[in-house]
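Residues per chain are reported as follows:
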Amino acid sequence: MAESVRSTGTAKPPLAATLRRIERAAGSLASSAMGRMDETLPWFRALPADQRSWVGLVAQAGVRSLVEWLRSGGTIAETTQEISDEVFAAAPRALARSITLTQAVQLIKVTIDVAESEVRNLAAAGEEEALLQAILRYSREIAFSAARVYARAAESRGAWDARLQAMLVDALLRGDSSDVLASRAAALGWADAPPVAVVVGRSPGGEITSVLHAVYRAARRARLEVIGGVHGDRLVVVMGGVTDPTASAAALAASFGEGPVVVGPAVPSLDQATESARAALAGFRAAGAWPGVPNPVAADDLLPERALAGDMAARRALRHDVYGALSRAGGGLLETLDAFFAAGGVLESAARELYVHPNTVRYRLKRVAEVTGLSPLDGRDAFALRLAMTIGRLDPAT
């Protein structure tokens, strides 16, 4: 037989008689598969008409592809991949977004089940077992092809999401209108759960999609809603529904590179998140001036460093919320702080300077902590208080 093939230069394709039968039955086979899908898959019945027609195209292409695959002998890997990929080329890429990979596998299984049930009618005499084995091998190739289609769709979607997120981050940092922020966030599926806070740290480097994937993985574990973007060498993450922004940021800290991770203040919604983003960025730039800075750290805890670095928002906060609060409270709080700091933090010396009892100084220092949230007895808080008093006296008219 081999000599006959070499002498004529042509070979009879395997399952030749069966191939002719399958070609004749291709239409009815695809229709049977669609009918079985309608009977056994409730989600398929609920699909819009256009998507059901796409599935029908895929089923018909699958039968034609099976014939081509059988004609080639199903032994050449390149031919196998090319033919099986053509099956899914029959439908728009949108089908991969409408039907999940699990559902695609269910469709393949139904189609193969129908083909198996028709083996006796499709196969020529003596070729039943060979056709059944061929169908089973081909179903594996189709399943791999479906996985490739969905992998490519996921990669494309991931790249597009990364671009959208970068655009959203840029819009936040620029202070674009709330309509711009809302439209871009909606395209990413953002639910805008209040409150919202922005976290800034150094990017770990590498592929942007990989960086963001790590952020989303950590966010899922912590049950956080996030949108992230890489801006230069910085990773900017918007968190939604965070009652404790610093604690929530701690769950994401491993996704950032080396260096400080700074958390902006919580705001009611995304359209106000520019304020949080600017505070976090200013804190990130100034964090290096605080040796042993906590990680993560709230941007408000970096007000002194931010003010010294030229952040006008931090300067206003210290002037209004600290110096202004002390001025409005009265009761000799500013004078007591002046004396206490001048005495090097020695309470008795401050009392002698003010001609009051040491317990009066203790009471006033306690009031300072109540009014400002900063304790003069704490070295870090004392630094912030002294800077706030300096700024307030430099600009008393504001």
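Below, the structure is looked at part by part. It should be emphasised that the depicted structure is a prediction, and the values quoted were computed from it without experimental measurement. (Residues numbered from 1 in each chain as written. Predicted model: local features only at pLDDT ≥ 70, side-chain atom pairs only at ≥ 80, totals over all residues. Heavy atoms only, no water.)

Our focus in this paragraph is the overall build of the chain. When helices and strands are tallied, the chain shows 19 helices and five strands. Element-wise, carbon and sulfur atoms account for 53% of the exposed surface of the chain, whose accessible area totals about 20,200 Å². (Helix = DSSP H or I, 4+ residues; strand = E, 2+ residues; numbered from the N terminus. Areas by Shrake-Rupley, 256 points an atom, 1.4 Å probe, with all protein chains shown as cover.)

A word on the sheet that holds strand β1 (residues 196-202). The pairing of strands in a sheet happens through backbone hydrogen bonds and is either parallel or antiparallel. An order of β2-β3-β1-β4-β5 is seen for the five strands of this open sheet, with the pairing classed as mixed. Both outer strands of the open sheet, β2 (225-231) and β5 (297-298), are each paired with one neighbouring strand and no more. Along the sheet, helix α12 (residues 245-252) contacts β1, β2, β3 (234-240), β4 (262-263) and β5; its crossing angle with β3, the most-contacted strand, is approximately 125 degrees. (Pairing = 2+ DSSP bridges. Contact = heavy atoms within 4.5 Å. Axes fitted to C-alpha atoms, helices over the stretch in contact; angles between N-to-C directions.)

What follows deals with the pairing of β2. Here is the key point about a regular strand: its side chains alternate between the two faces of the sheet. Within β2, five of the seven residues are buried, leaving the element largely enclosed by the surrounding structure. The pairing of β2 with β3 spans seven bridges and is antiparallel. Bridge pairing in β3 links V226 to M239. Where β2 folds back onto β3 in an antiparallel hairpin, the turn is made up of two residues, including G232, whose phi is positive at roughly 70 degrees. (Buried < 20%, exposed > 50% of the residue type's maximum accessible area, 1.4 Å probe, protein only.)

What follows covers the packing of aromatic side chains. Both the distance between ring centres and the angle between the ring planes are used here to describe each pair of aromatic rings. Scanning all chains against the criterion turns up two aromatic pairs. Centre to centre, the rings of W43 and F44 are 6.3 Å apart; their planes meet at 85 degrees, and the pair counts as edge-to-face. The exposure class assigned to W43 is buried, which follows from its relative accessible area of 19%. For F44, a relative accessible area of 0% corresponds to the buried category. Judged by centre distance (6.0 Å) and plane angle (55 degrees), the ring pair of F340 and F341 falls under tilted. Taken individually, F340 and F341 each receive the classification buried, so the pair is uniform in this respect. The lysine or arginine in question, R380, covers the ring of W290, its NZ or CZ lying 3.6 Å from the ring centre. (Phe/Tyr/Trp six-rings, centres within 6.5 Å; stacked < 30°, edge-to-face > 60°. Lys NZ or Arg CZ within 6 Å of the ring centre and 35° of its normal.)

Let us look at unusual backbone geometry. In the segment running from N295 into P296, the intervening peptide bond is cis, with an omega of 0 degrees. Looking at the element boundaries, P296 is found in the loop between α13 (273-286) and β5. Backbone geometry at R223 places phi at a positive 60 degrees, although glycine is not the residue there. Along the chain, R223 turns up in the loop between α11 (208-222) and β2.

Of all hydrophobic cores here, the largest spans 32 residues; its most connected members are M37, F44, L70, L107 and L131. Of all the secondary-structure elements, those providing two or more residues to this core are α2 (16-40), α3 (42-45), α4 (49-72), α7 (101-117), α8 (119-122) and α9 (128-174). Membership of the second largest hydrophobic core comes to 28 residues, among which are L337, L374, A382 and L387. (Core = buried A, V, L, I, M, F, W, Y, C linked by side-chain atoms within 4.5 Å.)

All right, on to the pattern of salt bridges then. All chains considered together, the criterion is met by eight salt bridges. Here R380 ties to E305 by a salt bridge, and the two come within 2.6 Å at their closest N and O atoms. Of this pair, R380 sits in helix α19 (residues 379-394) while E305 sits in helix α14 (residues 303-308); the two residues are 75 residues apart in sequence, bridging distant segments of the chain. Where R319 meets D395, a salt bridge forms, and the shortest distance between an N and an O atom there is 3.2 Å. One end of the pair, R319, is in helix α15 (residues 312-329); the other, D395, is in the segment after α19, with 76 residues separating them in the sequence. Overlapping salt bridges, with partners in common, bring together D300, R306 and D311 in one network. (Salt bridge = Lys/Arg side-chain N within 4 Å of Asp/Glu carboxyl O.)

One can describe the packing of helix α16 (residues 333-342) onto α19 by two numbers: an axis separation of 12 Å at closest approach and a directional angle of 120 degrees. Considering their axes alone, α16 and α19 lie oblique with respect to each other. Handedness of the crossing formed by α16 with α19: left-handed. Facing α16, whose interface residues are L334, L337, D338 and F341, α19 presents A382, L385, R386, M389 and R393. (Parallel < 35°, antiparallel > 145°, perpendicular 65-115°, else oblique. Left-handed = near helix turned anticlockwise from the far one by under 90°.)

A few words on the pairing of β3. Most of β3 is tucked away: seven of the seven residues are buried. Burial along β3 is two-sided: R234, V236, V238 and G240 facing one way and L235, V237 and M239 facing the other are all buried. Bridge count between β1 and β3: seven bridges; the pairing is antiparallel. Counted as the bridge partner of V196 is G240 from β3.

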